[in-house]
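Residues per chain, in single letters:
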Amino acid sequence: MDDQLALPVGTTLDRFIMRKQEEFPYATGELSQLLRDIALAAKIVNREINRAGLLGITGNYGQQNVQGEEQQKLDVIANIRFIRALRNGGEVCTIISEEDDHVIQTGNTEGKYIVAMDPLDGSSNIDVNVAIGTIFSVYRRTSDASGDGTLEDCLQSGARQVAAGYIIYGSSTMLVYTTGCGVNGFTYEPSLGEFFLSHPMIMTPSEGKIYSCNEGNLNSFPEGIKAYLDYCKEQNYTSRYIGSLVGDFHRNLLKGGVYIYPATAKAPNGKLRLVYECNALAMIIEQAGGMATDGTERILTKTPTELHQRSPLVIGSPEMVEKVHTFLAEKVLTA
Ligand SMILES: O=P(O)(O)OC[C@H]1O[C@](O)(COP(=O)(O)O)[C@@H](O)[C@@H]1O
Ligand SMILES: [Mg+2]
Ligand SMILES: [Mg+2]
């Protein structure tokens, strides 16, 4: 940990990865290379997002993904870019993507890692210049076998992540990630083509005054969530919701707050996907001193049974998540 603090703000991502490698039990350089591959894809996708309006790559792609959602052109482009970078990097044998029904076998049969990803998060905000993101989780194979990754390799609980992070394409582009030794944020400097350490050892405030959820679904929220939102209003908390999970999460991570996407009538298991949205952010928030649950159970202990399964999500400052639980438990008791 002390060594962690030794790296000053302004350290390049590459140098940071190199210095941290020795902290990682399997320090063979493969995970470091994988993180560099993700950073490379992020730079390319960032460039395309910034110029999307000029390149005619805004709007619908004209196809639906396995979730039944209209794919945006940038969903597909980001998916292609990350798959290509991970395949060419050679460290990843199998990829799970929001945009692909089935797992993607990269052909890197000696690759030791599995990546689960949401190539473009916040799709409804792509064309309106609101922050969007990419979310990724990294797992090791469950065995020393080579060949294609198995379904068992792809359906591991979030607690088995060896790395997790996100890229936010906002007023600046940042990469925020953890390998289990704290959370660090890097800001992209396009003119130099480099990510620089800008937010070392991020810790989220234990309590905040921001709550984030789509109250448009209020009528079908669980009673406990309705009661918690009333409590937030009584406390004069601030409501902030942009409709990009990465954007809402990032704000609350830095400022303190809670993001809630509960089960609703439209989405009885919640909307967000456990394997490539909830797990990564749960590892980040826990490493930053916060909490992530589905309203009762810790997200990281849930073992997925399907690639695209959904989960309710309550994530953020620990005292606020605890408060949500109190209201949920109370309403269950009095129901
Ligand atoms: O429009 P809603 O129901 O509030 O949902 C918004 C949520 O859905 C998402 O857009 C789902 O992610 P994708 O855009 O990757 O499909 C989240 O980013 C966001 O928090
Ligand atoms: Mg998403
Ligand atoms: Mg997405």
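Since we're looking at a predicted model, the values are computed, not measured.

## Topic: the UniProt feature "binding site: Mg(2+) 2" (unreviewed entry) in the protein
Part 1 of the reasoning: Mapped onto the present numbering, the UniProt feature "binding site: Mg(2+) 2" (unreviewed entry) falls at Asp118, Asp121 and Glu277. Taking the farthest pair of C-alpha atoms as the criterion, the annotated set spanning 160 residues converges on one region, since that pair is 8.6 Å apart.
Part 2 of the reasoning: Mapped onto the fold, Asp118 is located in strand S5 (residues 113-121).
Part 3 of the reasoning: With near-sequence residues (within four places) excluded, Asp118 lies in contact with Glu98, Gly133, Thr134, Ile135, Tyr276 and Glu277.
Part 4 of the reasoning: For Asp121, the location among the structural elements is in strand S5.
Part 5 of the reasoning: Classification of Asp121 as buried rests on a relative accessible area of 5%.

## Observations concerning the coordination of the magnesium ion (ligand 2)
Part 1 of the reasoning: For the magnesium ion (ligand 2), the full set of protein donor atoms is Asp118 (OD), Asp121 (OD) and Glu277 (OE), at a range of 1.9 to 2.1 Å.
Part 2 of the reasoning: The sequence pattern formed by the donor residues of the magnesium ion (ligand 2) is D-x2-D-x155-E.
Part 3 of the reasoning: The distance between the magnesium ion (ligand 2) and the magnesium ion (ligand 3) is 3.7 Å, with Asp118 acting as a donor to both metals. Note that Asp121 is positioned in strand S5 and Glu277 in helix H9 (residues 274-287), a separation of 156 residues in sequence. As far as burial versus exposure is concerned, Asp121 and Glu277 are alike and both buried.

## So, the nonpolar core
Part 1 of the reasoning: Of all hydrophobic cores here, the largest spans 43 residues; its most connected members are Leu31, Leu34, Phe82, Val138, Tyr169 and Tyr177.
Part 2 of the reasoning: Examining the composition of this core, we find that nine residues originate from one element, helix H3 (residues 30-50), more than from any other.
Part 3 of the reasoning: Once you skip the residues sitting within four places of it in the chain, Leu34 turns out to touch Leu86, Glu91, Val92, Tyr113, Val115 and Val138.
Part 4 of the reasoning: Ala131, Ile135, Met283 and Ile315 belong to the second largest nonpolar core, which has 30 residues in total.

## Here's the deal with the coordination of the magnesium ion (ligand 3)
Part 1 of the reasoning: Summarising the metal site, the magnesium ion (ligand 3) is bound by the protein donors Glu98 (OE), Asp118 (OD) and Leu120 (O), whose distances to it range over 2.0 to 2.2 Å.
Part 2 of the reasoning: For Asp118, a relative accessible area of 0% corresponds to the buried category.

## Remarks on the packing of aromatic side chains
Part 1 of the reasoning: By the definition in use, this model includes ten aromatic pairs.
Part 2 of the reasoning: When the centroid spacing of 6.0 Å and the interplanar angle of 35 degrees are considered together, the rings of Tyr228 and Tyr231 count as tilted. Separated by three residues within a single helix, Tyr228 and Tyr231 lie in helix H7 (residues 223-234), roughly one turn from each other.
Part 3 of the reasoning: For Tyr228, a relative accessible area of 1% puts it in the buried group.
Part 4 of the reasoning: Both rings, one in Tyr231 and one in Phe327, keep their centres 5.4 Å apart while their planes meet at 45 degrees; by these two values the pair is tilted. On the criterion of sequence distance, the pair formed by Tyr231 in helix H7 and Phe327 in helix H10 (residues 318-334) is long-range, its members being 96 residues apart.
Part 5 of the reasoning: For Tyr231, a relative accessible area of 16% puts it in the buried group.
Part 6 of the reasoning: An aromatic cluster is built from Tyr228, Tyr231, Tyr237 and Phe327, whose rings are joined through pairwise contacts.
Part 7 of the reasoning: Positioned over the ring face of Phe16 is Lys20, at 5.5 Å from the centre of the ring.

## Considerations on the sheet that holds strand S15 (residues 313-316)
Part 1 of the reasoning: As summarised here, the arrangement of the five strands in space is S12-S11-S13-S15-S14, forming an open sheet in which the pairing is mixed. The sheet is open, and its two borders are formed by strand S12 (238-239) and strand S14 (291-293), each paired with just one other strand.
Part 2 of the reasoning: Of the pairings in the sheet, the one linking strand S13 (residues 258-261) to S15 comprises four bridges and is antiparallel in character. Looking across to S15, one finds that Tyr259 is bridged to Ile315.
Part 3 of the reasoning: Most of the contacts of helix H8 (residues 245-255) go to strand S11 (residues 210-212), to which it runs at about 160 degrees, and overall it touches S11, S13 and S15.

## Remarks on the site of ligand 1
Part 1 of the reasoning: Taken together, the neighbourhood of ligand 1 is formed by 17 residues, with Asp121, Asn214, Tyr241, Leu245 and Tyr261 sitting nearest.
Part 2 of the reasoning: In this structure, an oxygen atom belonging to ligand 1 sits 2.8 Å away from a side-chain N or O atom of Asn214.
Part 3 of the reasoning: A total of 470 Å² of accessible area belongs to ligand 1 in isolation, and the protein chains cover 88% of it.
Part 4 of the reasoning: Contributions of two or more residues to the shell around ligand 1 are made by S5 and S13.
Part 5 of the reasoning: Looking at the shell around ligand 1, the element that brings in the most residues is S5, giving three residues.
Part 6 of the reasoning: Taken together, the residues of the shell around ligand 1 sort by class into five nonpolar, five polar and seven charged.
Part 7 of the reasoning: When residues of the shell around ligand 1 are assigned to domains, at least three map to each of domain 1 (7-199) and domain 2 (210-334).

Rules behind the numbers
Residues numbered from 1 in each chain as written. Chains lettered and ligands numbered in written order. Predicted model: local features only at pLDDT ≥ 70, side-chain atom pairs only at ≥ 80, totals over all residues. Heavy atoms only, no water. UniProt positions renumbered as here; feature names shortened; annotations may be inferred. Helix = DSSP H or I, 4+ residues; strand = E, 2+ residues; numbered from the N terminus. Contact = heavy atoms within 4.5 Å. Buried < 20%, exposed > 50% of the residue type's maximum accessible area, 1.4 Å probe, protein only. Donors = N, O, S within 2.8 Å, 3.2 Å for Na, K, Ca; no water. Core = buried A, V, L, I, M, F, W, Y, C linked by side-chain atoms within 4.5 Å. Phe/Tyr/Trp six-rings, centres within 6.5 Å; stacked < 30°, edge-to-face > 60°. Lys NZ or Arg CZ within 6 Å of the ring centre and 35° of its normal. Pairing = 2+ DSSP bridges. Axes fitted to C-alpha atoms, helices over the stretch in contact; angles between N-to-C directions. Near = heavy atom within 4 Å. Polar contact = N/O pair within 3.5 Å; in protein donor to acceptor, adjacent residues only side chain to side chain. Areas by Shrake-Rupley, 256 points an atom, 1.4 Å probe, with all protein chains shown as cover. Nonpolar A, V, L, I, M, F, W, Y, C, P; charged D, E, K, R; others polar. Domains from an automatic or database assignment.

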